[in-house]
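# Chain and residue survey
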Amino acid sequence: MVQSEEHANARRSAELEAQALAQTQTQTQAQTQDVEAALPQAPTTPQLEDDDDDRHVEADAKLLDNGNAHGGGGNNATSGPADKSEQARVKAKLKREKSEQDRLMTDEINKLLDEMPLEQNVTCGFWLFRGAFFQRFANQTAYVLLYGIVGCIFSMTYAYFNGTITTIEKRFKIPSKNTGIISVGNDISQTLVSAVLAYYAGKGHRPRWIGFGLLTIVVFCLMTTSPHFFYGPGEDALALTEEFGGIPDENATLEAIEEQRSKTLCRLQGDGAVCEVGEGNFAPQVLLFVAQFISGIGGSLYYTLGVSYMDDNTKKSKTPALLSLSYFLRMLGPAIGYALASFCLRLYIAPQLHPVINNKDPRWLGAWWLGWIVMGGLLAFSGVFLSMFPKELPRAVARRLVEEKRRRERLSVKQKEAANQCEKLTAELEPQTTAEPKASLGDMLVTFKRLTTNKTYMCNTLSNIFYLIGYTPFWIFTPKYIEVQYRQSAATSSMVTGTVALAFSAIGVLLSGFIISRYKPRARYMAAWNVISAFLVVAGVVTYAFIGCPDNETSVVVNIHNRDINDTATCNSACSCDYVRYSPVCGENSMTYISACHAGCKMVHVNGDGKKVFYDCSCIPGASENVSSSLTFKRLTAFDIAGDNSSNWDTDFSTSTTASSTSYLDMLAAGQATPGACPVNCWTQFVAFLSVMCFLKFIGASGRASNFLVSVRCVPEKDKTAAMGFGMMLCSMFAFIPGPIFFGWIFDRMCLVWGKTCTNKGNCWLYDPQSMRYTLNFTAAVFITLGAIFDFGVWYYVKDLKIFDEEIKEVEMQIVQHEEETTAEKNTEI
């Protein structure tokens, strides 16, 4: 037993030494590749590093072997405290030396900045807008702030579109599936051009390319608002205003009154409401799609070039903090965008007119077009300043020159220790320019092939694809989901989505960036957190499926009679309601009906205040059958009609009273209703939904910085920009394009009431809340679970990935420390 334990210990010690050797080789190679990629003009010394590799690895293995740097006493229990003390002393010394080196490097960079001539690639501004005043803004702080501000405005456009999407559907009678197709226009263009643009533009003046992209987004804003100016507010919206017949005209003829009543009431004689030709909805959809397609070009340039420019011109240790600051500013955009949508939707689509309904009525159409003009102006103004940044920031250029100088000094020291390689080292120390491959189709294909064989990169990209598909309904259709499930207005839904929920996203991004910058966790720890957060999100999405509002789900009566399916007579089968507009009414039984016609109401009374009461409703239980109606509903009486000096709208009633008092009593005894849906209380469920949503926003946002760091560190430095463009192309092709179309199709499948026209079925007015809740959330949970599985693959493959400069420099400092000790020992022996 003792011998077997000794053998086991020996094997374990050998395995640990082998792991240490392998880890050190990986770290040394990573350090070499990183320095060479960061210094395109620095000489390369592969043969020298190979010759010194054994000595460096042996020294580093001894230093990492639990402090046992001088022999094989690793299994001696009595030497533990001394080893720990020695290890702490070495670490403290390394930390002091690192701090001193950082201070000296900062001084050298500042000195070089003062002496360095102002070349074209570091000059800020263009044309007349350049000089000392503009040059002072050529720094990473100014870039991150302006990049974040532009991203904030750009993000506003997506949030604003999502916040106004239901209004656009109602205005132009667009089904949700078509809306999904429109919203993926930008993703289609990103799929076609993002990888190619990122490859070619990444080798050019990136800020100028970003400025060009922002110009296309300004065009997108102007094109999106143009359908309103081409087609106006629409006949439906105009009909609900005082200026265009929203209030009955007392002087109207009987023919005009009868025509108006036929559009809303149950008509036992005549054809009832006829279909409306309308102006057509195909051309507005084409305009909106083309606008989205153009925005995809600007979006791909902004995201791929902007982040890579930031990472290339800052220290890698500062990237998480700056990236989180940039994300934070960009995440303010959706909050402001939803707030702007809420403000605009509170205004009527034609602000100069006076609507007869309020913004809580489902027929309300807000001024969806107004915000696009504001955002287009802001983007045009801020995009000019972003394009004025130089091709390279001066401080980043100075830092690379200093690092190159230090690297050559280290090689000079090694030259003295290796006299037999003197000639070779002298040749390697000659200033050389690393020939960067010219942009070409062949090199681009080789680059993409290199990316597809990178397991970490592909697992991370596949994870993003499934996440993006799963998150689609909560990004694009969240305001609509809140309107359907919890009976909130479009303005309230947009405001809550943009302010409350996204505030937690911003907190998650800032907190995660601070933690990563402060503690610098290993790549595997960050990947592990992504796995944990993914399963927390899955649990939250499943919770969504059980947060419903029973009152909302049971308070609507959908009694559409279809003669093709059922010939049985119903309470409204003779009313000819096929083309009656969606105008919900609240019956005295506290149930909501699609319209007065669907409720079987044959008469309407307008009192002196302009308020309507529908009566003689065959589908609504009357006073004798409705015990609770007297408590919540004020019924219309003959005294009310006589007291209001009944207008022509009650002509049929006046005629019937002279014909038969029995008919008179029957009409008053039948069911009655008032315009508008019955109020329901879903506030408790709405608050519960918001609580879960805020939690999910915080958890999901906390993994953004770590996910990005893994994605840009797992590829060679030269492939960084191409990797971002290639990843965006894959995400657009497999997530952004099919996701909205797929979930839009699911929304349409849940529709109960479609708006009909002569040519098509138009938009959906009423959904099945319960079926939507289960189908939507469980489907999303499946996709997010698949993303979590690929996140686990990322966790497996990133075990040797180095994220920060310090992880590489720590090994380098340990090697230098050992070289100094070895030199001292040799001098002592001599």
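Here's what I pulled together on the structure shown here.

Calculation notes
Along each chain, residue indices are assigned from 1 in the same order as the chain's sequence is written. Under the rules for a predicted model, residues below a pLDDT of 70 receive no local features and side-chain atom pairs below 80 are neither given nor counted, while totals for whole chains, interfaces and linings still include all residues. With hydrogens and water set aside, each side-chain value is computed from the structure's full complement of heavy atoms. Secondary structure elements follow DSSP: runs of H or I of four or more residues count as helices, runs of E of two or more count as strands, with numbering from the N terminus. The contact criterion used is simple: two residues touch if any of their non-hydrogen atoms lie within 4.5 Å. For every accessible area listed, the method is Shrake-Rupley and the probe measures 1.4 Å; residues are considered covered only by the protein chains on display. Strands are treated as partners if at least two bridges between them are detected by DSSP. Defined by distance alone, a disulfide is two cysteine sulfur atoms within 2.5 Å. Only protein chains enter the accessibility calculation, which uses a 1.4 Å probe. A residue is then buried if its area is under 20% of the maximum for its type, exposed if over 50%, and partly exposed in between. Definition used for salt bridges: Asp or Glu carboxyl oxygen within 4 Å of a side-chain nitrogen of Lys or Arg. In this analysis an axis means a line fitted to C-alpha atoms, helices contributing only their contacting stretch, and an angle means the value between N-to-C directions, from 0 to 180 degrees. Three categories are distinguished: nonpolar for Ala, Val, Leu, Ile, Met, Phe, Trp, Tyr, Cys and Pro, charged for Asp, Glu, Lys and Arg, and polar for the others, with Gly belonging to the last. The charge count includes Lys and Arg as positive and Asp and Glu as negative, but it does not include His or the ends of the chains.

### Comments concerning the overall build of the protein
A count of helical and extended segments in the protein gives 32 helices and 10 strands. Sequence-distant contacts in the protein: of pairs separated by 6 or more residues, those separated by 24 or more amount to 83%. For the protein, the computed accessible surface area is about 38,700 Å², with 60% contributed by carbon and sulfur atoms.

### Looking at the sheet that holds strand 6 (residues 601-606)
Sheet strands pair by backbone hydrogen bonding; their relative direction is either parallel or antiparallel. Reading across the sheet, the six strands line up as 3-5-4-8-7-6 and stay open at both edges, with mixed pairing between neighbours. On the outer flanks of this sheet lie strand 3 (556-557) and strand 6, each paired with one strand and no other. Here two bridges tie strand 7 (residues 612-617) to strand 8 (residues 671-675), and the two strands are oriented antiparallel to one another. Bridging across to strand 8, cysteine 617 finds its partner in glycine 671.

### Focus on the state of the cysteines
By the definition in use, this model includes seven disulfides. The residue that forms a disulfide with cysteine 549 is cysteine 682, at a sulfur-sulfur distance of 1.9 Å. Where cysteine 549 bonds to cysteine 682 through sulfur, the torsion about that S-S bond is close to -80 degrees, and the disulfide is left-handed. With a gap of 133 residues between them, cysteine 549 in the loop between helix 21 (523-544) and helix 22 (550-554) and cysteine 682 in the loop between strand 8 and helix 27 (683-701) connect regions that are remote in the sequence. On the basis of relative accessible area, cysteine 549 is assigned to the buried category, the value being 0%. One disulfide bridge connects cysteine 751 with cysteine 764, the sulfur atoms lying 2.1 Å from each other. Looking down the S-S bond of the cysteine 751 and cysteine 764 bridge, the torsion is 105 degrees, so its handedness is right-handed. Within this pair, whereas cysteine 751 is found in strand 9 (residues 751-754), its partner cysteine 764 is found in strand 10 (residues 764-767), the two being separated by 13 residues in sequence.

### A closer look at the pattern of salt bridges
Following the criterion strictly, the structure yields seven salt bridges and no others. Of the charged contacts, one joins lysine 173 and aspartate 236 as a salt bridge, the two residues approaching to 3.2 Å between their closest N and O atoms. You can see lysine 173 sitting in the loop between helix 6 (165-172) and helix 7 (176-183) and its partner aspartate 236 sitting in helix 10 (residues 235-238), a full 63 residues away along the chain. Aspartate 236 sits in the partly exposed class, given a relative accessible area of 21%. With a shortest N-O distance of 2.4 Å, arginine 400 and glutamate 392 are connected by a salt bridge. The buried category is assigned to arginine 400, whose relative accessible area is 16%. One network of salt bridges, in which partners are shared, links Lys173, Asp236 and Arg581.

### Quick word on the packing of helix 7 against helix 8 (residues 185-201)
For the pair helix 7 and helix 8, interaxial distance at closest approach is 4 Å and the crossing angle is 35 degrees. Mapping the contact onto sequence places Ile181, Ile182 and Ser183 in helix 7 and Gly185, Asn186 and Asp187 in helix 8. Classifying every residue of the contact of helix 7 with helix 8 gives two nonpolar, three polar and one charged.

### What about the side chain of lysine 170?
One can find lysine 170 in helix 6. Within the buried set, lysine 170 has no salt-bridge partner at all; the shortest N-O distance to an opposite charge, 4.6 Å, is to glutamate 483. If we skip the residues at most four places from it in the chain, lysine 170 touches Pro362, Trp364, Leu365, Asn763 and Trp765.

### Here's the deal with the environment of arginine 363
Considering the arrangement of structural elements, one finds arginine 363 in the loop between helix 13 (319-346) and helix 14 (370-386). Judged by relative accessible area, which is 18%, arginine 363 ranks as buried. For arginine 363 and aspartate 236, which are 127 residues apart along the polypeptide, the C-alpha to C-alpha distance reads 8.6 Å. Here arginine 363 is in contact with Leu240, Ile357, Tyr582, Ser583 and Trp765, once residues within four sequence places are set aside.

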